Amino acid sequence: MTSSTTGTSDLPAARLAELRAAVAREMPGVRRDLEALVRIPSVSEEAFDQAHVAASAHAVAELLRGAGMQDVEVLDEGGAPAVVGRLPGPDGAPQVLLYAHHDVQPPGEESDWTSAPFEPVEREGRLYGRGAADDKAGVMAHLAAIRAHDGQPPVGLTIFVEGEEESGSPSLGRILAAHRDKLAADVLVLADSTNWKIGVPALTTSLRGLVEAYVEVRTLDHSVHSGMYGGAAIDAVTAMIRLLATLHDDAGNVAVQGLVSGEAAELDLTEEQLRADAGVLDGVQLIGEGSLTSRLWTKPALTVVGFDATSTAKASNTLAAKAKAKISMRVAPGQDANEAYEILAEHLRSHAPWGVKVDVVVRETGQPFAADVDGPAYDAARAAFADAWGVQPVDMGIGGSIPFIADFAALYPDAAILVTGVEDPDTRAHGADESLHLGEFERVCVAEAVLLERLGQLGS
Ligand SMILES: [Zn+2]
């Protein structure tokens, strides 16, 4: 259950009004700095010029120094540069780590964008640009909160701005290991997620994990004439299709025994809304059983995301000797991603039709996450969100994966982990026309300023 606005710790109305006014005062500068960050095309994907990522790390470091943070450093453990800064708090105050990332996804086809991806433009209350939301607005929300407190929040702060989240955080483990003590905190605020909808804030309390695997099917020593051998010898593509068909039952539920499933909280997600958001064609049924939120957040999902076979243009009347598919599996909270991979691989090997050869290789795993949603930090966050929006926040899941969250959870098992964010359902993070809702963004900044105030009240 969520606590009420006046719940666990008291924040005088006058202090709330002060913080709200301070954020409003800071917003023009926050907006300017956000736009400057968006103009730096800091795509961390290897094929892009990494000088831009270095430039954006430098720009973030300057912003931290400008906000009065100390010991500002650019950390490099062989990947893209992260930025860290500290702000000591009063004696006995809780230590809070604020996370965001300054790298962005590639822009994709520029022609899909209404305006240039790295030139921020406001239209109808939204700021468009790659990174305008994900996650440069996360960086700026942290800075807005610090500025609203005039650089003296009532907690000890560490800010950590990663530079390679969009590339799967390859060196994050090394950075965390090398700077473990410097980054340690009682409360982690990871601002890289979404709110439920415009006007309804959310804490992201569960995430599915990810397994990417390749499966290869081989049936013949070499390809042969389908007229000469078809009907007795089996081709690899047909065998692969039969194998992949075993992954779901007739209702569309994942049929791999041993994968964990859970139940998600019911939120007001309707089939109609989901169909519209996903662009499901008329007459095409949704798959699976149980509530929609459970299907999206707390049950596993299996998708064939790639398939290597002869193209129709080049196909001759031949039995293919081999075929390869790439499978993306979302792992429900509560199951180890590596264990889920082993279960999937064993399913594929043991369901090989007609004795065909099946090889399975894992490419990547990311752990799922389920927050411990009780305790004073969660109470403070819920109260702060209610202060900022005027409505209670919801606990939501995310069907996707943010593997770094599990990395933090593993490293700091005693810390409260708050997953917040600046996004809304229309943000289109990673897509063309990514944008930030500016009205919601100000509420995000108010909520974070109030959160720091309320966390400060938890000190001794
Ligand atoms: Zn992000």
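Anyway, here's the lowdown on the structure attached to this text.

Moving on to helix H7 (residues 236–244). Every buried residue of H7 is accounted for by Ala236, Val237, Ala239, Met240, Leu243 and Leu244. Considered in projection along H7, the buried side chains sweep an arc of 160° and stay on one side of the axis. Buried residues along H7 sit against strand E9 (209–218), strand E11 (301–308), strand E13 (322–331), helix H10 (337–350) and strand E14 (357–366). A distance of 3.1 Å separates the backbone nitrogen of Val237 from a side-chain oxygen at the start of H7, and that oxygen is part of Asp235.

The geometry of helix H3 (residues 136–148) relative to helix H13 (residues 438–456) is characterised by a closest axis approach of 8 Å and an angle of 50° between their N-to-C directions. What the angle tells us is that H3 and H13 run oblique. The way H3 lies across H13 gives a crossing that is right-handed. Between H3 and H13, the residues in contact are Ala137, Met140, Ala141, His142, Ala144, Ala145 and Ala148 and Phe441, Val444, Cys445, Glu448, Ala449 and Leu452, respectively.

The next thing to look at is the sheet that holds strand E3 (residues 95–101). Judged by pairing direction, the sheet is mixed, and its six strands sit side by side in the order E1-E2-E6-E3-E7-E17 without closing on themselves. Since the sheet does not close on itself, it has two edges, and those belong to strand E1 (70–75) and strand E17 (416–423), each with one partner. Here the strands of the sheet are splayed against their neighbours by 20° on average, with no regard to which way each runs. Sheet topology note: the E3/strand E6 (residues 156–162) ladder contains seven bridges and is parallel. Paired with Leu97 across the strands is Thr158, a residue of E6. Together, E1, strand E2 (82–87) and E6 form the strand contacts of helix H2 (residues 51–66), whose direction differs from that of E2 by roughly 5°.

Attention now moves to the environment of Ala409. Tracing the backbone through its elements, the reader meets Ala409 in helix H12 (residues 403–411). Spatially, the C-alpha atoms of Ala409 and Ala116 are 37 Å apart, while their sequence positions differ by 293 residues. Beyond its immediate stretch of four places on either side in the chain, Ala409 contacts Phe369 and Ile417.

All right, on to the pattern of salt bridges then. Per the stated rule, a full pass over the model turns up 23 salt bridges. Its salt-bridge partner being Glu26, residue Arg25 comes within 2.9 Å of it at the nearest N-O pair. Here Asp33 and Arg147 are joined by a salt bridge, their closest N and O atoms 2.7 Å apart. Of the two residues, Asp33 sits in helix H1 (residues 13–38) while Arg147 sits in helix H3, which places them 114 residues apart along the sequence. By relative accessible area, which is 17% here, Arg147 ends up buried. The structure contains a network of salt bridges with shared partners spanning Arg31, Glu35, Arg39, Glu119 and Glu122.

Looking now at the coordination of the zinc ion. Note on metal sites: the ideal angle is 109.5 degrees for four tetrahedral donors, and 90 or 180 degrees for six octahedral donors. Only His101 (NE2), Asp134 (OD), Asp192 (OD) and Asp192 (OD) from the protein coordinate the zinc ion, and they sit 1.9 to 2.7 Å from it. Every donor counted, the four donor atoms about the zinc ion form angles of 53 to 153° at the centre, which fits irregular coordination. Counting along the primary sequence, the residues that act as donors to the zinc ion give the motif H-x32-D-x57-D. With a gap of 33 residues between them, His101 in strand E3 and Asp134 in the loop between strand E5 (126–128) and H3 connect regions that are remote in the sequence. Taking relative accessible area as the criterion, His101 reaches 0% and is therefore assigned buried. Asp134 gets classed as buried once you look at its relative accessible area, which sits at 4%.

Bringing the pairing of E9 into the picture now. Where burial is concerned, most of E9 is hidden: seven out of the ten residues are buried. Here E9 pairs with E13 via ten bridges, running antiparallel. By the bridge assignment for E13, Gly209 is matched with Val331. Both E9 and E14 contribute to a ladder of nine bridges, which runs antiparallel. Counterpart to Glu212 in the pairing with E14 is Glu364.

It is worth spelling out unusual backbone geometry at this point. For residues other than glycine, phi is negative in most cases, and the peptide bonds are mostly trans. Residue Asp134 is joined to Asp135 through a cis peptide bond whose omega torsion reads 5°. Inspection of the secondary structure puts Asp135 in the loop between E5 and H3. With a phi angle near 50°, Ser169 is a residue other than glycine that sits in the positive phi range. As for its placement among the helices and strands, Ser169 is situated in the loop between E6 and helix H4 (172–178).

Calculation notes
- Residues numbered from 1 in each chain as written.
- Predicted model: local features only at pLDDT ≥ 70, side-chain atom pairs only at ≥ 80, totals over all residues.
- Heavy atoms only, no water.
- Buried < 20%, exposed > 50% of the residue type's maximum accessible area, 1.4 Å probe, protein only.
- Helix = DSSP H or I, 4+ residues; strand = E, 2+ residues; numbered from the N terminus.
- Arc of directions from axis to C-beta.
- Contact = heavy atoms within 4.5 Å.
- Polar contact = N/O pair within 3.5 Å; in protein donor to acceptor, adjacent residues only side chain to side chain.
- Axes fitted to C-alpha atoms, helices over the stretch in contact; angles between N-to-C directions.
- Parallel < 35°, antiparallel > 145°, perpendicular 65-115°, else oblique.
- Left-handed = near helix turned anticlockwise from the far one by under 90°.
- Pairing = 2+ DSSP bridges.
- Salt bridge = Lys/Arg side-chain N within 4 Å of Asp/Glu carboxyl O.
- Donors = N, O, S within 2.8 Å, 3.2 Å for Na, K, Ca; no water.
- Tetrahedral: all angles 85-135°; square planar, octahedral: opposite > 155°, others 65-115°.

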